[in-house]
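# Survey of secondary and tertiary structure
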Amino acid sequence: MKPLIAIIANQYDFAEKVFHNHPATYVPQFYIDAVYAAGGTPVILPLVDREDASKYVEQFDGFLLTGGQGASPFLYGEEPQPLMGQTSLRRDEFELDIIQAVRATEKPILGVCRGMQMLNVGLGGTLWQDLAYRKEPVIKHMQVPTPDTQASHYVDLTEGTYLSAALGKTHLVNSLHTQALKDVADDFTVIARAHDDVVEAVQSNDARHRIFGVQWHPEMLYTEDQAQLAPFKHLVALAGE
Ligand SMILES: [Mn+2]
C-alpha cells in the first residue's frame, strides 16, 4: 500500500473563471503531482468544521500544508501591518487544528511556503508580516516576474539533514514569499538559509524530524531538478514507516 498523503486544500470565495462566482476548493496541481511522483497517494481534503480536523489525522499517513495566503498575525499576537497581504482565518484555524492533532501522533507533516510558516506559528513561533519590515537588508524573495518554475536565489543547507543529502551544501531555489519566519519555534531547527539569513527550511527536533518545512516551492522545480523532490520523498518515507 502506498502511503495516503492528505493535502489540505485552499478555498476560493469567488472562483470567477471556474465556477461562475461560486466558492470552490482547490489544490494547485504541482503538489498533487509531486506527492504522486514521490510514491504517495495524494488525497485532497477540504476545509470542514474544526472539530473534524482530528478525524482527518486519524485516517491518513502523512500531511501536506501548501502555499497561499499569509497567516493571520493575531495567531502570534500581532495586529496586521500595512504591507500584510490577504489572509484566511478559516484556513488558518483549520490548519492549526491539523497541526496540533498531528503533533499528538507519530505522523509526519510537511509545510511548503505558507505551510512552513503555519507550522512555525503552530509550534509557537512568529513571522515577519512582510520582509520589508526587517531592519537588515534582504534579497528579492518575491521573484515575480521571473517564472515560478525557475530558481532565483541560493540557500545554504545544514550538513547531515535529509535536505542537504539531496541538495548539497548550497542549492538554487525559487522564491515566492513576502513573509518569512522571525522567531523560530523552540521545537524547530533551521536547516537552510538564504544568503541574507532568511530561514528557508526547518525540521522538528524529535528523533525522526517528522514536522518539517521549506520556504520555497520544490513542487514547481522537481521536473527540471530531480533533487527537489526530496521533501516529498521524505514525507512519503516517514508516512510509510
Ligand atoms: Mn526565499
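Just so it is clear, the model here is predicted, and its values are computed rather than measured. Numbering of residues starts from 1 in every chain and runs along the sequence as written. This being a predicted model, a pLDDT of at least 70 is required before a residue's local features are given, and a value of 80 or more before pairs of side-chain atoms are given or counted; all residues contribute to the totals for chains, interfaces and linings. Each side-chain value is derived from all of the structure's non-hydrogen atoms; neither hydrogens nor water enter the calculation.

### A word on the packing of aromatic side chains
Quick note on the threshold: Pairing of aromatic side chains requires ring centres within 6.5 Å, counting the rings of Phe and Tyr and the six-membered ring of Trp. Pairs whose planes differ by under 30 degrees are stacked, by over 60 edge-to-face, and all others tilted. The secondary structure listing takes helices from DSSP runs of H or I that are at least 4 residues long and strands from runs of E that are at least 2 residues long, numbered from the N terminus. Exposed residues in this analysis have more than 50% of their type's maximum accessible area, buried residues have under 20%, and partly exposed residues fall in between, with area computed by a 1.4 Å probe over protein chains only. Lysine and arginine charges are scored as sitting over a ring when NZ or CZ, respectively, is within 6 Å of the ring centre and within 35 degrees of the ring normal.
In the structure shown here, the tally under the stated rule is 3 aromatic pairs. On the basis of an interplanar angle of 80° and a centroid distance of 5.7 Å, the ring pair of Tyr56 and Phe94 is categorised as edge-to-face. Placement of Tyr56 in helix H3 (residues 53–59) and of Phe94 in helix H4 (residues 89–103) is noted, with a sequence separation of 38 residues between them. Measuring from ring centre to ring centre gives 5.4 Å for Tyr162 and Phe212, while their planes differ by 75°; the resulting arrangement is edge-to-face. Taken as a pair, Tyr162 in helix H6 (residues 162–167) and Phe212 in strand E13 (residues 211–214) lie far apart in primary sequence, 50 residues in all. Comparing Tyr162 with Phe212 shows no difference in burial state: the two are buried. Seen from the ring of Trp128, Lys182 lies directly overhead, with NZ or CZ sitting 4.8 Å from the centre.

### Regarding unusual backbone geometry
Look at the link from Val144 to Pro145: it is a cis peptide, with omega at 15°. Position of Pro145 among the secondary structure elements: in the loop between strand E7 (127–128) and strand E8 (153–157). The backbone of Asn21 shows a phi angle near 75°, a positive value even though the residue is not glycine. Of note, Asn21 is situated in the loop between helix H1 (16–19) and strand E3 (24–26). Phi is positive for Asp197, which is not a glycine, with a value near 75°. Structurally, the position occupied by Asp197 is in the loop between strand E11 (188–194) and strand E12 (199–204). Looking at Asp197, the relative accessible area reads 49%, which means it is partly exposed.

### Brief notes about the pairing of E11
As a reminder, the rule being used: Any two strands are treated as partners once DSSP identifies two or more bridges connecting them.
Among the 7 residues in E11, 5 count as buried, and that is most of the element. Of the strand pairs in this sheet, E8 and E11 are connected by 3 bridges, and their pairing is antiparallel. Note on E11: the bridge partner recorded for Leu157 is Ala192. Sheet topology note: the E11/E12 ladder contains 5 bridges and is antiparallel. Directly across from Arg193, in E12, lies its bridge partner Val199. Following E11, the chain reverses through 4 residues before pairing antiparallel with E12; Asp197 in that reversal takes a positive phi of roughly 75°.

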